[in-house]
Amino acid sequence: MYDVVLLTLGSERDAPGGCGSGGACCGGATGADTAPTSQTDTGHANSDQTDSGRANTDQTDSGQASTDTEQCATERPRVPVLACADALNVRGARVETVTARSDAEIDAVLARLDGPPRPDGLTWPDPDSKTRLVIATASDGQLRAVLRRLVKRYAPAPSKRPADLPGNRTLPDLPPVAVLPLDPARGGTHRDLAAQLGLPRDPAAVAAAVLDGSPRRLDLLRNDGGSVTLDGALLGAADDAGRPLHWRARVEVDDTILTDGAEPLLACAVGNAGGYATLNDVTLLTAPDPADGQVEVAVAVPVVVRSAWGRKRVRLEVRRARGRAVSVLPREGKVPYLDDGVEGELTRKRSWWVEPGAWAVWSN
């Protein structure tokens, strides 16, 4: 029978962007931990950032670092966590509940998924592990906080890329995780990633998926800001009255230029799944699929047209493209965004690329 770890990140009630999403608190990034890092020859962090050679601090998992440890006060496990633990215990699983309040505490849990030592010295996940991980999440940002620690743990440095790594990937198959949603409302109109994927929300059903289910492999978006994206990102902002604000950026998908930065934009959606497929009544993404090996990108451009009577009106033109990678280069000022529900501001070029089938969820 399996050892099962039920991992909960600290309370998100007071944390900007959601606890587990930001700062040193609850598994987020600090300003010193925002560059992509990999296993290196010396054991120190290695940055893949190429624009400046420095760590990119435009994005953490919450948009800002938090030092208020009271935001992550230890709490008694929530009812769904206890119910899931009971369901697992009844089936004979050995269950441990852990509340993590820092990256180090998350890493200590993830270390249980390591495989045996390799001749090349790389830390690699164990494909036959008898330990299974359940992540209790109150937001997609919390789930992302754990996945980015998995990536940081297992992604090899470019100089130590092993021969058994798939040619279209920069990291091995990450260990499957189960998702235990803690917010019932997110299964309705404002759907979280678990709802989009059709994953079970009932604690007993989650326990059954952990013990009887099979891994469902999904695409992961990595970015050169040092984080990952599971669902998608939406760039742009609105004023206090809800009117979208204009901004400019060069947006490229593989070799396709959606906009060169000369014209105003209202929004840009980067979609792995469908969380940002629509904006108000506008369809941005038509068929985002988290398992097709591609990212779908859309920009919304206001275009002035003249009627037959010579009158001007503005219509919204949506341009779309699909590919393996996307880059967004702001032309002026800061561009606000949401990435897996976490707020941030983009001030320099940001690139996302697809890691096909890199992560997995336990599913019935």
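One can find the structure itself at the top, above this paragraph.
Let me begin by describing the structure that accompanies this report. Every residue gets a number counted from 1 within its own chain, in the order that chain's sequence is written. Whole-chain, interface and lining totals are the exception, using all residues; otherwise, since this is a predicted model, local features are given only for residues with pLDDT of at least 70 and side-chain atom pairs are given and counted only at 80 or more. In computing side-chain properties, one takes all heavy atoms of the structure into account and sets aside hydrogens as well as water.

What follows concerns the overall build of the chain. Strands here mean DSSP runs of E at least two residues long; helices mean DSSP runs of H or I at least four residues long; both are numbered from the N terminus. Along its length, the chain carries five helices and 18 strands. Burial classification: accessible surface area is computed with a 1.4 Å probe over protein chains only, and a residue below 20% of its type maximum counts as buried, one above 50% as exposed, and the rest as partly exposed. Looking at the 364 residues of the chain, the share that counts as buried comes to 51%. We call two residues in contact when some of their heavy atoms are within 4.5 Å. Here the contacts in the chain between residues at least 6 apart in sequence split such that 71% fall between residues at least 24 apart. For the accessible areas, the method is Shrake-Rupley and the probe is 1.4 Å, while residue cover comes only from the protein chains on display. When the accessible surface of the chain is totalled, it reaches about 16,000 Å², and 49% of it is carbon and sulfur.

Put simply, two rings from Phe, Tyr or Trp (the six-membered ring, in Trp's case) pair if the centres are within 6.5 Å, and we call them stacked under 30 degrees between planes, edge-to-face over 60, tilted for the rest. Under the definition given, this model contains zero aromatic pairs. Against the face of Y2 rests R132, its NZ or CZ located 3.8 Å from the ring centre. Lysine and arginine charges are scored as sitting over a ring when NZ or CZ, respectively, is within 6 Å of the ring centre and within 35 degrees of the ring normal.

Relative to the helices and strands, D219 resides in strand β5 (residues 214-223). By the counting scheme adopted, Arg and Lys are positive, Glu and Asp are negative, and His together with the chain ends is not counted. Salt bridges are defined as contacts in which a side-chain nitrogen from Lys or Arg sits within 4 Å of a carboxyl oxygen from Asp or Glu. Buried within the structure, D219 lacks any salt-bridge partner; its nearest side chain of opposite charge belongs to R169, at an N-O separation of 7.5 Å. In terms of polar contacts, D219 uses its side chain to reach the backbone amide nitrogen of D292, at 3.1 Å. Under this definition, polar contacts are N or O atom pairs within 3.5 Å; protein pairs additionally need one hydrogen-donor-capable and one acceptor-capable atom, and for neighbouring residues in sequence, both atoms have to be side-chain atoms.

Burial along strand β16 (residues 335-339) is one-sided: the face carrying V335, Y337 and D339 is buried and the face carrying P336 and L338 is not. One ladder, built from three bridges, connects strand β7 (residues 232-235) with β16; its direction is antiparallel. The residue bridging L234 from the neighbouring strand is L338, located in β16. Strand pairing requires that DSSP identify at least two bridges connecting the strands. Relative to strand β17 (residues 342-346), β16 is paired through five bridges, and the arrangement is antiparallel. Within β17, the residue paired with P336 across the bridge is E345. Hairpin connection from β16 to β17: two residues lie between these consecutive antiparallel strands, with D340 at a positive phi of about 55 degrees.

Those residues of helix α5 (residues 203-212) lying buried are P203, V206, A207, A209, V210 and L211. Looking at the buried positions of α5, the neighbouring elements they touch are β1 (3-9), α1 (79-90), β3 (131-137), β4 (177-181) and β18 (350-363). Capping the start of α5, D202 holds a side-chain oxygen 3.1 Å from the backbone nitrogen of A204, two or three residues further along.

What follows deals with helix α2 (residues 103-110). For α2, the complete set of buried residues consists of D103, I106, D107, V109 and L110. Projected down its long axis, α2 shows its buried positions confined to an angular sector of 160 degrees, all on one face. Residues of α2 that are buried sit in contact with β1, β2 (94-100), β3 and α3 (140-154). Here, the arc refers to the directions that run from the helix axis to the C-beta atoms.

In this section: the pattern of salt bridges. Applying the stated rule across the entire model yields 23 salt bridges. A salt bridge links E105 to R101, with the shortest nitrogen-to-oxygen separation between them at 3.5 Å. Classification of R101 as partly exposed rests on a relative accessible area of 32%. Through salt bridges with shared partners, one network takes in E263, R315, E317 and R319.

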